[in-house]
Amino acid sequence: MEKINILMATYNGRRYVAKQVESILNQTYQDFRLIISDDCSTDSTLKILEEYEAKDRRIEIFRQGQNLGVVANFEFLISKVRSEYFMFANQDDIWLPDKIEKSMKKIESDNLDLVYTDLEVVDSRLKQIYPSYWAFKGLDYRIKKYNNFESLYLNNFVTGTTMLVKSKWINEFMPIPNCSKYVLQDYWVALIVSQSGKIGFIDEATVKYRQHTNNQIGAKNKFEKLNTLEEVRNLFINVKLEHFETFIENENFFKDNKIKDLNKEALEYYKNLKNVKKFSLSGIKLFFKLYKYESFNYKMKNLAILHFPCLVKSKFNKMKQKQKQEAEMLKAQKAEAALARKEKAQERKLAKIEEEKSKNLESKKRQTSRKRNTEKSIK
């Protein structure tokens, strides 16, 4: 039996899935089985995968009869695990050649239950956007200083496609909650394992984390498109309401009664914050308890937005207005540059046409001259 089961959930991934499968099959560590569940793709994803399955016995494909969605599809895949370890794989990333080897070495040498790594953020053509996903998302502080259940409790910092997990933990975190788009399978697995297990990390990227228009989940900042403090604040609060509602609905997974009580306390705290229009000192003690493991800057920004919106509203809105103007200016500059490139291309095209005309004219002149010389010689 293989040492590792790699679990890949696919849906309409024809553009990138072949390269991802190849990056997995070409790993320096080869003792694995790639288990794929296709969630009713309507493009050629399944055909591409079946071609690989026919060539490599390590690949096993399951075809879903109805669309499950991301979380339920990964949950289905987890139910198929028969190995000592398992890993998650996105359909559109690229694994660096020694990703599995390095993860196995780390989890065994440090006797870990779960290990994860950093990622390199790239665009659709694999051009680097950010060398470190952790640095881009501001996760370094919690990962390198704490890396435990308490620091994971409020916000996730473990990305599923980088994880290697001991399969003995499956019964501890299954079934995976599927009631919130903010508590996904990677977060849930990492959170529950970290509760009483040992997690570790590798401080380097092992995955090219591809960002494109069809990402189900990615590095995109969900706050970027919001224009007012009210919108940002509401999203802050709504994310946490779903977060703690999910924890409460699944409280049997939490072993410590203090955590169960904190879940309920936190839910009421965020509900009360919804009614704050100007400022509120109520709940600040709980705020510092919840945000204890966050960086100072993140903590202070959230404190201002949640408890003192009246003090930051004007500054925030001016900042967003400036960002909007800068974005519009950048858009205009890009449009102007694109127009200039188009005009240059048109000029080159016209010059080429004129050059061809000139060559044709010269050719005709030579032909006419030869014809006349021939006629003269005949006479």
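Scroll up to find the structure.
Below is a short write-up of the structure. (Residues numbered from 1 in each chain as written. Predicted model: local features only at pLDDT ≥ 70, side-chain atom pairs only at ≥ 80, totals over all residues. Heavy atoms only, no water.)

Focus: helix α9 (residues 185–196)
For an α-helix the count is 3.6 residues per turn, leaving residues at separations of three or four pointing the same way. For clarity, the cut-off: Three labels apply to residues, based on accessible area from a 1.4 Å probe with only protein chains included: buried if under 20% of the type maximum, exposed if over 50%, partly exposed otherwise in between. Each helix is a run of DSSP H or I of at least 4 residues and each strand a run of E of at least 2, with the numbering of both proceeding from the N terminus.
Burial within α9 is extensive, with eleven of its twelve residues counted as buried. Those residues of α9 that fall on the buried side of the exposure criterion are Gln185, Asp186, Tyr187, Trp188, Val189, Ala190, Leu191, Ile192, Val193, Ser194 and Gln195.

What about the pattern of salt bridges?
Inclusion rule: A side-chain nitrogen of Lys or Arg and a carboxyl oxygen of Asp or Glu constitute a salt bridge if their distance falls within 4 Å.
The full count for this structure, using the stated rule, is 23 salt bridges. A salt bridge links glutamate 230 to lysine 313, with the shortest nitrogen-to-oxygen separation between them at 2.9 Å. You can see glutamate 230 sitting in helix α10 (residues 229–249) and its partner lysine 313 sitting in helix α14 (residues 309–378), a full 83 residues away along the chain. You can call glutamate 230 partly exposed: its relative accessible area is 36%. Connected through shared salt-bridge partners, Glu2, Arg33 and Glu60 make up one network.

Things to note about the packing of aromatic side chains
So the rule is basically this: Aromatic rings from Phe, Tyr and Trp, with only the six-membered ring used for Trp, were paired whenever their centres fell within 6.5 Å, and each pair was classed as stacked if the ring planes differed by under 30 degrees, edge-to-face if by over 60, and tilted otherwise. Cation placement over rings: the criterion is NZ of Lys or CZ of Arg within 6 Å of the ring centroid and within 35° of the ring normal.
Per the stated rule, a full pass over the model turns up 26 aromatic pairs. Between the aromatic rings of phenylalanine 244 and phenylalanine 247, the centroid separation amounts to 5.7 Å while the plane-to-plane angle is 80°, which identifies the pairing as edge-to-face. Remark: phenylalanine 247 and phenylalanine 244 occur in helix α10; sequence separation between them is three residues, near one turn of the helix. Given a relative accessible area of 0%, phenylalanine 244 falls into the buried group. Joined through ring pairs, the aromatic side chains of Phe149, Tyr153, Tyr187, Trp188, Phe244, Phe247, Phe253, Phe254, Tyr269 and Tyr270 make up one cluster. The ring of tryptophan 95 carries the charged tip of lysine 99 above its face, separated from the ring centre by 4.5 Å.

Some details on the nonpolar core
Threshold: Among buried residues, the Ala, Val, Leu, Ile, Met, Phe, Trp, Tyr and Cys ones that are joined through side-chain atoms within 4.5 Å form a nonpolar core. Contact definition: two residues touch when any of their heavy atoms are within 4.5 Å.
By size, the foremost hydrophobic cluster in this structure holds 98 residues, and its most contacted members are Ile4, Ile6, Leu114, Phe173, Tyr270 and Leu290. Per-element tally for this core: the top contributor is α10, with nine residues. Contact partners of isoleucine 6, with chain neighbours within four places excluded, come to Ile24, Phe32, Arg33, Leu34, Ile35, Met87, Ala89, Trp95 and Ile100.

Concerning the packing of α10 against helix α13 (residues 296–307)
Heads up, the condition is: Here an axis means a line fitted to C-alpha atoms, over the contact stretch when the element is a helix, while the angle between two N-to-C directions is reported on a 0 to 180 degree scale. With respect to orientation, any angle under 35 degrees is reported as roughly parallel, any angle over 145 as roughly antiparallel, any angle of 65 to 115 as roughly perpendicular, and every other angle as oblique. Throughout this entry, Asp, Glu, Lys and Arg are counted as charged residues, while Ala, Val, Leu, Ile, Met, Phe, Trp, Tyr, Cys and Pro are counted as nonpolar. The remaining residues, Gly among them, count as polar.
Axis separation between α10 and α13 bottoms out at 10 Å; the angle between their running directions is 105°. Between α10 and α13, the angle is such that the two are roughly perpendicular. On the side of α10, the interface is formed by Leu229, Arg233, Phe236 and Ile237, while α13 contributes Asn302, Ile305 and Leu306. The residue makeup of the contact of α10 with α13, split by class, is five nonpolar, one polar and one charged.

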